[in-house]
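Each chain is listed here by its residues.
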2 protein chains.
Amino acid sequence: MITLDLVLPDTAYPIHIGRHLLTRTDLLCPHLPIHDAVIVTNTTVAPLYLAPLQSALEANGVRVTPVILPDGEAYKTSETLNLIYDALLQRHCERKTTLIALGGGVVGDMTGFAAATYQRGAPFIQIPTTLLAQVDSSVGGKTAINHPLGKNMIGAFYQPRVVLADLALLDTLPERELSAGLAEVIKYGLLGNAEFFQWLETHMPALRTRDMGALQEAVRVACRMKADIVAADERETGQRALLNLGHTFGHAIEAGLGYGAWLHGEAVAAGMVLAAETSAALGWLSPREVDRITALIAAAGLPVTAPDLGVNTWLELMAHDKKVEAGKLRFVLLHGIGDARIESGVPTSVLEAVLTGRRITGRGRTTPA
Amino acid sequence: MITLDLVLPDTAYPIHIGRHLLTRTDLLCPHLPIHDAVIVTNTTVAPLYLAPLQSALEANGVRVTPVILPDGEAYKTSETLNLIYDALLQRHCERKTTLIALGGGVVGDMTGFAAATYQRGAPFIQIPTTLLAQVDSSVGGKTAINHPLGKNMIGAFYQPRVVLADLALLDTLPERELSAGLAEVIKYGLLGNAEFFQWLETHMPALRTRDMGALQEAVRVACRMKADIVAADERETGQRALLNLGHTFGHAIEAGLGYGAWLHGEAVAAGMVLAAETSAALGWLSPREVDRITALIAAAGLPVTAPDLGVNTWLELMAHDKKVEAGKLRFVLLHGIGDARIESGVPTSVLEAVLTGRRITGRGRTTPA
């Protein structure tokens, strides 16, 4: 087991990475202020992992209330959130009752938001069961639900007390979900770690066959980078926005197709390709680099071509992005592999060209496809 | 105009108290990070005060989106909250758009919670239009909505950028609402300021006839006390809970009768009498002090007798209180006028006796009514 620490001005918490951590109550129980916990999970994860976790806690004298949500991004709504609140209140849960998220990014984001807002703040623990959640969403305290007009529009910054990234839980992860997680792993290489990007180029086959050494290294590097970025900028007033590489495009894909049609990681994958192409159109990235990026994303089993939403729909959906500031869309673009920057001056003509698949070469000059 | 400052570890903000502050854009505009604001108000306040505020902001180049909610505690729900989110998203509001609460406690609590959660936190300003909101709910950053199973169960600690307590807005306040506000004013005397309690005994007639000097003094003392208590304990881990004097009983009255049947201040008034009677039953308060408390509350035009909810309903409703800890109900009780303390060991027999109106004298000994 590896333990990383995320240190923030107001709090600090450990991220444990290893196999068979699910029932390690020695890692969990010290973070429960009272012997009462609610495990929030979903219909897919519950049959696999709820019973061992619940039994382990109950064996330590903890009263456990399970809440089983429907599975999928389509259910990351205020209606589903209310199911959590209802259970908490029906069981007379107190403000010291701990909410444990046992699931992927959707369960983690919703449970975190429920914890942030139940009686103005209850303790919260993340046990991510997908690669995507282990490398990205479970760390850093971003919690949210979707609104019909935009993804993650309602939420809070609220940190967990501990994160248990149990790699053994990935044994049952469907291949498509594994690939979706690899999208976020690739993101870390792209946004700030060229060496890690190169490592991924070499180790992608091992990752896809779930070589435990490779997976542990990928989770470790991603969590370390995430923890460092969050520690420097918890509230995303600056560099934390780099973690949204591919996400402005990706969120538009998810909203445009309807939440759940593409997995979040798939949308981010195609979004990263669009970000690379936009960067190239502005002359900031070479065609060779775009090819390397596209090739690695494809090697992870991810889509490299975005769906055709129509240019107006694209622009309309992206106008709802949380990074919009003073009416200007802000994108995370690349000045090289491992060198992401926030850019607010991307001309609409360049976006239109990229989104309609026209080839563009050099500083905004467009040529017909 | 008087200005008080509330200084917290992470932030600080001014509370301006005076007449005709509503259109003082010199006090408002410096707190808007961009020229975009949403005014959240209700159907009662909008015809009176929305236009002057909106015009004043627009004259300063601020884009203003008004959101007019139905009026009343019965609408402090997730459904009404969604009306605010919908408006924010339909108007493409950014995370730097400022939400301005123009209304009483319900509007302030809901607007604050919307601001706390819109894109994980947007700026927020309080312009309280009721006495209750001016002396209590607009200061200190408690935001919330109700759940069918409990009042203020879903919420966040989230501070405004500035509070404008415009005493001129009280000119149109219905008498019943004025009295409801006086309940919270009396609370401050009771919980920690015997001198102020005595001042209130003398000045209650002046307050009820809206003598501006008396009102300004009452608002100033209450806001100063609230600011000091919040500064010492923002997250209510300790003495901030004293501000809930009368509220455990009061919330049960509101929930038991259905939100809106009694005004919050009316429920708190009857709740403070019950807290005084419980304190007397435990031998902590003299019958003479109970009489003074009851007399002052009655002089404010407030109910001194709680509705008969039935003992089991009382206990069930109070078991949902946010102050419940390790299964134990905690009450704010009095060891004298101006000396409130948090107590968790009140015997159920004492509560039952007080709630059924049986006379009790001295340390838990009960006598039939």
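Just so you know, these numbers come straight off a predicted model, no measurement behind them.

The rules behind the values
- One numbering rule holds for all chains: residues counted from 1, following each sequence as written.
- Written order decides the labels, with chains lettered from A and ligands numbered from 1.
- For this predicted model, a pLDDT threshold of at least 70 governs which residues receive local features, and a threshold of 80 or more governs which side-chain atom pairs are given and counted, while totals over whole chains, interfaces and linings are taken from all residues.
- Side-chain numbers here rest on the full set of heavy atoms in the structure, without hydrogens or water.
- Elements are defined by DSSP. Helices are runs of H or I of four residues or more, strands are runs of E of two residues or more, and each kind is numbered from the N terminus.
- The size measure is the radius of gyration over C-alpha atoms, and the globule rule it meets is 2.2 Å times the number of residues to the 0.38 power.
- Only protein chains enter the accessibility calculation, which uses a 1.4 Å probe; a residue is then buried when its area is under 20% of its type maximum, exposed when over 50%, and partly exposed in between.
- Any pair of residues with heavy atoms lying within 4.5 Å of one another is described as a contacting pair.
- For the accessible areas, the method is Shrake-Rupley and the probe is 1.4 Å, while residue cover comes only from the protein chains on display.
- Only four residue types enter the charge count: Lys and Arg as positive, Asp and Glu as negative, with His and the chain ends excluded.
- Charge placement uses NZ in Lys and CZ in Arg. For Asp and Glu, CG and CD serve respectively.
- UniProt positions are given in the numbering used here, feature names are shortened, and annotations may be inferred rather than shown by experiment.
- Note: domain ranges come from an automatic or database domain assignment.
- Note on terms: buried area is the combined drop in 1.4 Å-probe accessible area of two parts once they are placed together, counting the loss on both.
- Here a salt bridge means any side-chain nitrogen of Lys or Arg lying within 4 Å of a carboxyl oxygen belonging to Asp or Glu.
- Polar contacts, as counted here, are pairs of nitrogen or oxygen atoms within 3.5 Å of one another; within protein the pair requires one atom able to donate a hydrogen and one able to accept it, and residues that are adjacent in sequence qualify only if both atoms are side-chain atoms.
- Any residue that is not Ala, Val, Leu, Ile, Met, Phe, Trp, Tyr, Cys, Pro, Asp, Glu, Lys or Arg is counted as polar, Gly included; the first ten are nonpolar and the last four charged.
- Here, axes are lines fitted to C-alpha atoms. For helices the fit covers the stretch in contact, and angles between N-to-C directions go from 0 to 180 degrees.
- Orientation categories follow fixed angle ranges, with anything under 35 degrees roughly parallel, anything over 145 roughly antiparallel, 65 to 115 roughly perpendicular, and all other angles oblique.
- We treat two strands as partners when DSSP finds at least two bridges between them.
- Whether a crossover is right-handed depends on one test, that the path from the first strand over the helix to the second runs clockwise when the strands point away from the viewer.
- Residue count minus one, scaled by 1.5 Å, sets the expected span of a helix.

Q: Which residues make up the overall build of chain A, and what values go with them?
A: When you go through chain A residue by residue, the secondary structure sums to 13 helices and 11 strands. For 369 residues, the compact-globule estimate of 2.2 N^0.38 gives 21 Å, and chain A sits close to it at 20 Å. By its C-alpha atoms, chain A is 70 × 40 × 35 Å across when sized along the principal axes. Burial status across chain A gives 61% buried among its 369 residues. Within chain A, contacts between residues at least 6 apart in sequence are counted, and of these 74% link residues at least 24 apart. Taken as a whole, chain A presents about 12,800 Å² of accessible surface, with 51% of it coming from carbon and sulfur. Distance between charge centres in chain A, computed from 31 positive and 37 negative side chains, equals 3 Å.

Q: Can you break down the UniProt feature "domain: 3-dehydroquinate synthase N-terminal" (unreviewed entry) in chain A residue by residue, with the values?
A: Here the UniProt-annotated "domain: 3-dehydroquinate synthase N-terminal" (unreviewed entry) positions come out as residues 67–179 of chain A. The distance from the first to the last C-alpha atom of residues 67–179 of chain A is 28 Å, and the span holds 34% helix and 28% strand.

Q: Lay out the domain arrangement of chain A in plain terms, naming residues and giving numbers.
A: Residue and element names in this part refer to chain A. What the domain assignment lists for chain A is domain 1 (2–172) and domain 2 (175–355). Domain 1 and domain 2 are separated by 25 Å when their C-alpha centres are compared. Buried area between domain 1 and domain 2, both sides added, is near 3,200 Å², and the carbon and sulfur share of it is 66%. It is L131, V135 and K151 in domain 1 that bury the most area against domain 2; as a group they hold 19% of the surface buried on that side. On inspection of domain 1 and its partner domain 2, the count reaches 4 salt bridges. Seen at the junction of domain 1 and domain 2, the total is 12 residue pairs in polar contact (both at pLDDT 80 or more). Only β1 (2–7), β2 (12–18), α5 (131–137), β7 (142–147) and β8 (150–157) provide two or more residues apiece to the side of domain 1 that touches domain 2. Of the residues forming the side of domain 1 that touches domain 2, the biggest block, 6 residues, is contributed by α5. Looking at the side of domain 1 that touches domain 2 residue by residue, the classes come out as 18 nonpolar, 12 polar and 7 charged.

Q: Please set out the interface of chain A and chain B residue by residue, giving values where relevant.
A: Between chain A and chain B, the contact holds 37 residues from the first and 37 residues from the second. Together, L89(A), R95(A) and R120(A) form the three largest contributors to the area buried by chain A at its contact with chain B, with a combined 24%. At the surface where chain A touches chain B, the tally comes to 2 salt bridges. R95(B) is paired through a salt bridge with E236(A); the nearest N and O atoms lie 3.7 Å apart. Between the two partners, chain A and chain B, sit 8 residue pairs in polar contact (both at pLDDT 80 or more). Counting only elements with at least two residues in the side of chain A that touches chain B, the list comes to α3 (78–90), α4 (105–117), β7 and β8 of chain A. Split into classes, the residues belonging to the side of chain A that touches chain B amount to 14 nonpolar, 12 polar and 11 charged.

Q: Pulling in residues and values, what's your account of the packing of helix α10 (residues 264–281) of chain B against helix α11 (residues 287–299) of chain B?
A: Residue and element names in this part refer to chain B. For the pair α10 and α11, interaxial distance at closest approach is 10 Å and the crossing angle is 175°. With respect to α11, the axis of α10 lies roughly antiparallel. Contacts from A269, M272, V273, A276, E277 and A280 in α10 reach V290, I293, T294 and I297 in α11. Broken down by class, the residue content of the contact of α10 with α11 amounts to 8 nonpolar, 1 polar and 1 charged.

Q: Now, about the pairing of strand β4 (residues 63–69) of chain B: what can you tell me, with residues and values included?
A: All names here are of chain B. In the sheet, strand β3 (residues 36–42) pairs with β4 via 7 bridges, with the strands oriented parallel. Within β4, the position partnered with I39 by the bridge is P66. Once the chain exits β3 it traverses helix α2 (residues 46–58) before rejoining the sheet at β4, and the crossover so formed is right-handed.

Q: I'd like to hear about helix α10 (residues 264–281) of chain A, residue by residue, with values.
A: Residues and elements named next belong to chain A. When the terminal C-alpha atoms of α10 are compared, their 25 Å separation across 18 residues agrees well with the 26 Å that a helix rising 1.5 Å per residue should span. Burial analysis of α10 places 17 of its 18 residues in the buried class, which makes it a mostly covered element. Two residues or fewer past α10, G283 is found with a positive phi of approximately 80°.

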